[in-house]
Structure formats: C-alpha cells, structure tokens
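Secondary and tertiary structure notes
Here's the letter readout for the chains.
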Amino acid sequence: MSRVTEELMMDVKKLIIERLKLEEIAVADIDTDAPLFGEGLGLDSIDALELVIGLEKEYGVSIPDAEVGREVFQSVRTIAQYIVDNQGKEVAAADGSP
Amino acid sequence: MAHRNAGRVALCFPGQLSKLPDEIGERSGGGYQLPHLFFERTWEKAGFDCSSFFFQHEEEDRYLNLKLQVASYLLSMVSFDQYQRKGGRWDFITEHSMGIYAALAAAGAVSFEDGLAITKGIGLILEKVGEENPGGMAAVIGLESEEMKRICSDAAGDLSVANVNGSRQFVLSGDATSIDRSIELSLKRGAISAQRLTFNTPLHSPLMESITGEVRTFITDFAIQSPHIPVVSHWSGKPLSDPDEIKEFLVEELCRPVDWEGCVQYLLSQGVTCFIEMGPQNTLTKLIRWIDRDVQALLYGVRNLR
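Please read all numbers here as calculations on a predicted model, not as lab measurements. (Residues numbered from 1 in each chain as written. Chains lettered and ligands numbered in written order. Predicted model: local features only at pLDDT ≥ 70, side-chain atom pairs only at ≥ 80, totals over all residues.)

**Here we look at the environment of Val 4 of chain A**
Residues and elements named next belong to chain A. Within the secondary structure, Val 4 is located in the segment before α1 (6–19). When the 20 C-beta atoms within 10 Å are taken as the criterion, Val 4 is described as buried. Val 4 sits 32 residues away from Leu 36 along the chain, and the two C-alpha atoms are 18 Å apart. Excluding its chain neighbours within four sequence positions, the residues that come into contact with Val 4 are Met 9, Arg 77, Ala 80, Gln 81 and Val 84. (Helix = DSSP H or I, 4+ residues; strand = E, 2+ residues; numbered from the N terminus. Buried ≥ 20, exposed ≤ 12 C-beta atoms within 10 Å, placed from the backbone. Contact = placed C-beta atoms within 7 Å.)

Right, here's the structure in full:
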C-alpha cells in the first residue's frame, strides 16, 4: 500500500477550496485530521457531491455510494488515503455487487 | 456591498430553513426583544408575539415547521432590509419554494405584515394536513433525473419529484411510507446522500390538491399589488406581475414542483451575473454554484441583530 504524502494532502486541500469556492479559507486554515462535515469546515451533502466530482476529474477515483462517501470524507487525510488506494482501480458498482 | 461586475443582480429568497438559527433561537432571549424593527412590528402590528411563539417548548415539535417557516420569512426580510439600507441594488427578485412570501414582500406586492400573516396562515393549514394525513419530503443528492423518476415509480406509492434543484440535486415528496422507501432505494442506487427533511407534509406534490380550496379562501382577502419589479417564480422563471395571477400562484405552487434549475437558467439568460441569497443559510448559493460555476453567488447574511 502506498503512503500518503504531505504534497498530496496539500493538493486535496487546494481541491476542496477550489471546488467549493471557499474564497475566505486558505490551505493553512484546513486541519488535515479535522472533520469536514457538520463541525469543522461545516460541509454538507451538496458540498460532498462537488468533492465527488472533483475527485473523479482530478484523480480518476470514484465514490460509488453514500457509505463509501462517509468513510472517505472524514478528513483531508482519509481523502488522500482513498486516492492513494484507489487510483487506477475499477470501483465496485453502485448497486452493491462486488 | 461592492459589485465587482456590471451584470444584473438577482436577490434570491430561500425556502424553509432546516433549523432555527441562533439569532432567533434559545440564545437570543426572545424574539421581539431582538433589536430589529421587523420583530417589533410583528408584535405591534400583526399581533404576532415572536417571543412566546418561538419558546413554546411543550409544542415545539408539533409546530416546528411553522416556526421554521416564520423564522425564514423574518430573517430573509431582515437581510433584505439591511441590504437595502446599505444601498444594495437589484434587477430581479427570485425565490425558492416557501421563499415566495418574503420575495413578494420585498418586491412590494404585499406589506411586511400581510406577508407574515400569509406565511403563518398557510403554515397552519399545512400543519393541519400533516397531522391528519402525514407525509414527508426527502432530499436526494447525486442521482440524475431519470433515476429519480424510476425511484418514484418503483416506490409504488404516492411519490413525486418536488424540487429540481440541479441536475443531481432533488427533493421528493410523498406519503410517509413512500418517502422511507425512496431513501432506501436512492442509497442503494448510489446517491451520495438521501435524507428526510423536517416537513411532515408532501409539499409541492399533487397530494396537496385537497387543500387548494382552503388556501384559496384564505388568500382571497389579502391586498396584493403588482410588484415593483418582476418576481421570477420557481416555475421555470416565469415572472409574476398581475395580482390575481400571484394569488393563484400561491394556491397552485403548493401542488407543483419547484424548478430552481430552470429559474436560475432563466435569470442567467437575462444577463444576471450576481445572485445574492437573503437569509442566514447558504443553501441557494451552493445550488447556484452547481448550476453555473462561473457566476457570482453569495450570501447576504443576517448581521448585527443583537
């Protein structure tokens, strides 16, 4: 399993800011391990969809359903880990079949 | 507020809030004590005591939607008043769902007091429907239009699309069982999120047709004027201008879906380059971001209430 780099986590933060148009937030303001939804940055499901699209476009990884989404979108670190683990892989179908 | 471009500006009045914001909730110490003229007027002129209304704990759950509706109206009007006093300009007024009442008041089609009375009156009729015949609404994010239609037919109950908020943002409306089923189906078919909204009525669906008579009777006596500027309604951006047409809209819209995407597209076609949301949450701002990433969409929040 590949390791998550600082550089990748920085890029994930940039993607969040750019994709969500968070004009008043800088990369340094986002804590790598802080929750992104509810508390923390206070993102919601509409933001989640933006991030799903951003990750597909930028890294070619897809989030097949809400359950995976909940796991992946816990923090910047979990997003970066998901990219490292899934880049270049086929993702399971959305209907739950393997 | 500075305008960074010379395009046209649309003020957007959002529908019902998802929760009571702090400005008006527990921490404020009472609605009419809030130092804004509108809160005083609700008490003095409309016989509406915000303080006791928002703090009736024993009935909190029962009237949650009514409270949220009234809070949405008041806070949108406060935003609008502050924007106006700061010299903000606008070319269009538009609205989403229950945002119509504040939009009409902002456009001068009804007085502030009548707007509040209409919000409360229709809210009470909706509460009654919810108690007699419970239904609900669910927001589904991530699936496309065709899949939403399939889910409505597969749920095998009274279920329909109530809001088209974007190409992958929808709200469904229906009887309680169908709504639960639609959430299950949506998640199974890859929605990034599917959750019930606070509504206990199937708003913006044909199930509301049973109350059109009652709403029409309630609306009849209100004095409605032609708006100062066009109110672009949530049906594919059809501008409302005639008072009778507005009255009919207030009845019909409860039974028909909101087409927010169509409304935003219409405004974009009219040269709008800046959308400003009036209220405490940035719901519409985020939906506009999805519809057109290049257009400016921002929130003019409620400031300095205390």
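**Points about the sheet that holds strand β9 (residues 258–259) of chain B**
Adjacent strands of a sheet pair through backbone hydrogen bonds, lying either parallel or antiparallel. Residues and elements named next belong to chain B. Pairing within the open sheet is mixed, and its five strands lie in the order β6-β3-β5-β4-β9. The sheet is open, and its two edges are formed by β6 (193–196) and β9, each paired on a single side. Bridge count for strand β3 (residues 135–141) against β6 is four bridges, and the pairing is antiparallel. Bridged to Ala 139 within β6 is Gln 195. Along the sheet, helix α10 (residues 260–269) contacts β4 (159–166) and β9; its crossing angle with β4, the most-contacted strand, is approximately 30°. (Pairing = 2+ DSSP bridges. Axes fitted to C-alpha atoms, helices over the stretch in contact; angles between N-to-C directions.)

**Section: the nonpolar core**
Residues and elements named next belong to chain B. Leu 11, Leu 104, Ala 138, Val 140 and Leu 172 are the most contacted members of the largest nonpolar core, which totals 119 residues. The dominant element in this core, judged by the number of residues it contributes, is helix α3 (residues 64–85), at 10 residues. Counting only domains with at least three residues in this core, you end up with domain 1 (8–108 + 220–300) and domain 2 (135–196). When residues no more than four places from it in sequence are discounted, the contact partners of Ala 138 are Val 171, Leu 172, Ile 179, Ser 182, Ile 183, Ala 194, Gln 195, Arg 196 and Leu 197. (Core = buried A, V, L, I, M, F, W, Y, C linked by C-beta atoms within 7 Å. Domains from an automatic or database assignment.)

**A word on the interface of chain A and chain B**
The interface is formed by 15 residues belonging to chain A together with 14 residues belonging to chain B. Of all the secondary-structure elements, those providing two or more residues to the side of chain A that touches chain B are α2 (45–59) and α3 (66–72) of chain A. Here the element with the most residues in the side of chain A that touches chain B is α2 of chain A; it accounts for six residues. Considered class by class, the residues forming the side of chain A that touches chain B number eight nonpolar, three polar and four charged. (Nonpolar A, V, L, I, M, F, W, Y, C, P; charged D, E, K, R; others polar.)

**Here's the deal with the confidence of the model for chain B**
Residue and element names in this part refer to chain B. Averaged over chain B, the pLDDT score is 88; the fraction of residues at 70 or greater is 86%. The low-confidence segment residues 1–5 (pLDDT under 50) makes nine contacts with residues lying over four places distant or belonging to another chain. A low-confidence stretch, residues 27–33 (pLDDT under 50), is modelled with 20 contacts involving residues beyond four sequence positions or located in other chains. In the predicted complex, the global pTM is 0.90; the interface-specific ipTM is 0.87. (pLDDT = per-residue confidence, 0-100.)

**Structural notes on the domain arrangement of chain B**
All names here are of chain B. Per the domain assignment, the segments of chain B are domain 1 (8–108 + 220–300) and domain 2 (135–196). Residue assignment for the side of domain 1 that touches domain 2 shows that the elements contributing at least two residues are β9, α10 and α11 (283–291). Ranked by the residues each element gives to the side of domain 1 that touches domain 2, the list is headed by α11, at three residues.

**Observations regarding the packing of α1 of chain A against helix α4 (residues 76–86) of chain A**
Residues and elements named next belong to chain A. With their axes 9 Å apart at the nearest point, α1 and α4 run at an angle of 110° to one another. Relative to α4, the element α1 lies roughly perpendicular. Where α1 crosses over α4, the two elements pack in a sense that is right-handed. Facing Leu 8, Met 9, Val 12 and Lys 13 of α1, the residues of α4 in contact are Val 76, Arg 77, Ile 79, Ala 80 and Ile 83. Here the contact of α1 with α4 is composed, by residue class, of seven nonpolar, no polar and two charged. (Parallel < 35°, antiparallel > 145°, perpendicular 65-115°, else oblique. Left-handed = near helix turned anticlockwise from the far one by under 90°.)

**Some remarks on unusual backbone geometry**
In this model, Lys 21 of chain A sits at a positive phi of 50°, which is unusual for a non-glycine residue. Within the secondary structure, Lys 21 of chain A is located in the loop between α1 and α2. Phi at His 204 of chain B takes a positive value of approximately 60°, unusual for a residue other than glycine. Within the fold, His 204 of chain B resides in the loop between β6 and α8 (212–220). By C-beta crowding, His 204 of chain B is classed as buried, having 26 other C-beta atoms within 10 Å.

**Quick look at the pairing of β4 of chain B**
All names here are of chain B. Burial runs high along β4: six of the eight residues are buried. The antiparallel hairpin formed by β4 and strand β5 (residues 169–175) contains two residues in its connecting segment. Two strands pair when backbone bridges link them, and β4 and β9 are joined in this way by two bridges, in the parallel orientation. Within the sheet, the bridge partner assigned to Asn 163 lies in β9 and is Val 258.

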